[in-house]
Amino acid sequence: MSDVNAALDAILERAPVLPVLTVGDVESAVALGSVLRDAGLPVVEVTLRTPAALDAIRALRDRVDGLEVGAGTIVTPADLERAREAGATFAVSPGATEALYRAAADSTLPLLPGVATASEIMAGLGHGWRRFKFFPAGASGGVAALRAFGGPLARVRFCPTGGIGPDNFGDYLALANVMTVGGSWMVPADAVASGDWSRIETLARECAERAAADRPATNDNDKTTG
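Keep in mind that what you see is a predicted model, and the values were worked out from it rather than measured. (Residues numbered from 1 in each chain as written. Predicted model: local features only at pLDDT ≥ 70, side-chain atom pairs only at ≥ 80, totals over all residues. Heavy atoms only, no water.)

1. Overview of the overall build of the protein chain
So, point 1. Helix and strand content of the protein chain: 10 helices and 9 strands.
So, point 2. Its C-alpha radius of gyration of 16 Å places the protein chain within 12% of the 17 Å reference for a compact globule of 226 residues.
So, point 3. With respect to the three principal axes, the spread of C-alpha positions in the protein chain is 45 × 35 × 30 Å.
So, point 4. Taking all 226 residues of the protein chain together, the buried fraction comes to 50%.
So, point 5. For the protein chain, the computed accessible surface area is about 9300 Å², with 52% contributed by carbon and sulfur atoms.
So, point 6. Looking at charge distribution, the protein chain has the averaged site of its 20 positive side-chain charges lying 3 Å from that of its 27 negative ones. (Helix = DSSP H or I, 4+ residues; strand = E, 2+ residues; numbered from the N terminus. Rg over C-alpha atoms; globule rule 2.2 N^0.38 Å. Buried < 20%, exposed > 50% of the residue type's maximum accessible area, 1.4 Å probe, protein only. Areas by Shrake-Rupley, 256 points an atom, 1.4 Å probe, with all protein chains shown as cover. Lys, Arg positive; Asp, Glu negative; His and termini not counted. Charge placed at Lys NZ, Arg CZ, Asp CG, Glu CD.)

2. Topic: the sheet that holds strand β1 (residues 18-21)
So, point 1. Sheet architecture is open: 6 strands sit in the order β5-β4-β3-β2-β1-β9, paired in parallel fashion. If you trace the sheet from one side to the other, it starts and ends with β5 (111-112) and β9 (182-183), each paired once.
So, point 2. Here strand β4 (residues 90-92) pairs with β5 via 2 bridges, running parallel. What sits directly across from V92, in β5, is L112. (Pairing = 2+ DSSP bridges.)

3. Things to note about the sheet that holds strand β7 (residues 131-134)
So, point 1. Overall, parallel pairing links the 3 strands, which are arranged β6-β7-β8 in an open sheet. Two strands in the sheet have a free side with no partner beyond their single neighbour: β6 (114-115) and β8 (157-160).

4. Observations concerning the packing of aromatic side chains
So, point 1. Within the structure shown, the criterion is met by 6 aromatic pairs.
So, point 2. Seen from their ring centres, F169 and W185 are 5.1 Å apart, and the 35 degrees between their planes marks the pair as tilted. A residue pair is termed long-range when its members are at least 10 positions apart, and F169 in helix α8 (residues 169-173) and W185 in the loop between β9 and α9 (189-194) qualify at 16 residues.
So, point 3. Residue F169 is classed as buried on the basis of its relative accessible area, which comes to 1%.
So, point 4. Ring-pair connections join several aromatic residues into one group, and the members of that group are F132, F134, F149 and F158.
So, point 5. Positioned above the aromatic ring of F135 is the side chain of K133, whose terminal nitrogen or guanidinium carbon lies 4.5 Å from the ring centre. (Phe/Tyr/Trp six-rings, centres within 6.5 Å; stacked < 30°, edge-to-face > 60°. Lys NZ or Arg CZ within 6 Å of the ring centre and 35° of its normal.)

5. Some thoughts on helix α5 (residues 98-106)
So, point 1. Of all the residues in α5, the buried ones are L100, Y101, A103 and A104. Taken around the axis of α5, the buried residues stretch over an arc of 165 degrees, which confines them to a single face. Across from the buried face of α5, at angles greater than 90 degrees, the exposed residues are R102 and D106.
So, point 2. In this structure, the buried residues of α5 make contact with α4 (77-86), β5, α6 (118-126) and β7. (Arc of directions from axis to C-beta. Contact = heavy atoms within 4.5 Å.)

6. A short note on the side chain of R131
So, point 1. Among the structural elements, R131 can be located in strand β7.
So, point 2. In this structure the side chain of R131 is engaged in a polar contact, spanning 3.0 Å, whose partner is the backbone oxygen of R155. (Polar contact = N/O pair within 3.5 Å; in protein donor to acceptor, adjacent residues only side chain to side chain.)

7. Considering the packing of helix α2 (residues 26-38) against helix α3 (residues 53-63)
Each pair of packed helices gets described by two things: the angle between the helix axes and the distance between those axes.
So, point 1. Where α2 meets α3, the axes come as close as 9 Å, and the angle between the chain directions of the two elements is 45 degrees. Accordingly, the angle class assigned to the pair α2 and α3 is oblique. Along this stretch, α2 crosses α3, giving a crossing that reads as right-handed. For the pair α2 and α3, contact is made by V26, E27, A29, V30 and G33 and by D55, A56, A59, L60 and R63, respectively. (Axes fitted to C-alpha atoms, helices over the stretch in contact; angles between N-to-C directions. Parallel < 35°, antiparallel > 145°, perpendicular 65-115°, else oblique. Left-handed = near helix turned anticlockwise from the far one by under 90°.)

8. Things to note about the nonpolar core
So, point 1. Judged by nonpolar contacts, the single largest core of 76 residues is most densely connected at V17, L36, I57, F158, F169, V181 and M186.
So, point 2. Broken down by element, this core gets its largest block of residues, 6 residues, from α3.
So, point 3. If we ignore the near neighbours within four places in the chain, the residues touching I57 are V46, L48, V69, G70, A71, A86, G87 and A88. (Core = buried A, V, L, I, M, F, W, Y, C linked by side-chain atoms within 4.5 Å.)

9. Examining the packing of α2 against helix α10 (residues 197-214)
So, point 1. At a closest axis distance of 9 Å, the pairing of α2 and α10 adopts a crossing angle of 35 degrees. Where α2 crosses over α10, the two elements pack in a sense that is right-handed. Taken together, the residues of α10 that come into contact with α2 (itself represented by S28, A31, L32, V35, L36 and D38) are W197, I200, E201, A204 and R205.
So, point 2. The residue makeup of the contact of α2 with α10, split by class, is 7 nonpolar, 1 polar and 3 charged. (Nonpolar A, V, L, I, M, F, W, Y, C, P; charged D, E, K, R; others polar.)

Structure representation (structure tokens):
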């Protein structure tokens, strides 16, 4: 599975932070994607939690140049296939099942599977994955847990989400085994609902600038090889 790990590296290394979007309509999604891209956050995850999600992924793919669009809340093989058909370039799951790993191994869409424990990480390693979403990060031990994983699971890298915000995301990004962090603090629901793109741009730009300072340079030893 070196191909999927390398594909996830290539995508997520573009993401100083990964905005997690729950969108109610296509036009707002397009406006939001454009603002985030221009503010320095060129990779987003659109959760499959609303009826508009798949149409939003299609519109972002077709109408916002330079934006990498992933699909989140992938819980079944059918979700993975719907995301691929909509044009997502990667997928993110809150957890992982045997059925989802098997479907992802046969899919052209790179999946970032969710894990919360060492046993779940080891199960993913058994399927060939070395890149994972750590979720829910805050409730699963946070920075301390990820630091502890770095010893026995040194070749594994993570995108933690859940319980992460402006006050602590830099602590996660400073860890050598963290590729990027995911969250929605830079896209407040009230600002999205009112179309306050200026506020979102300011928050996103601050986020990108802080992430550039906190994120360590990629260690070549962490890279996937053939």
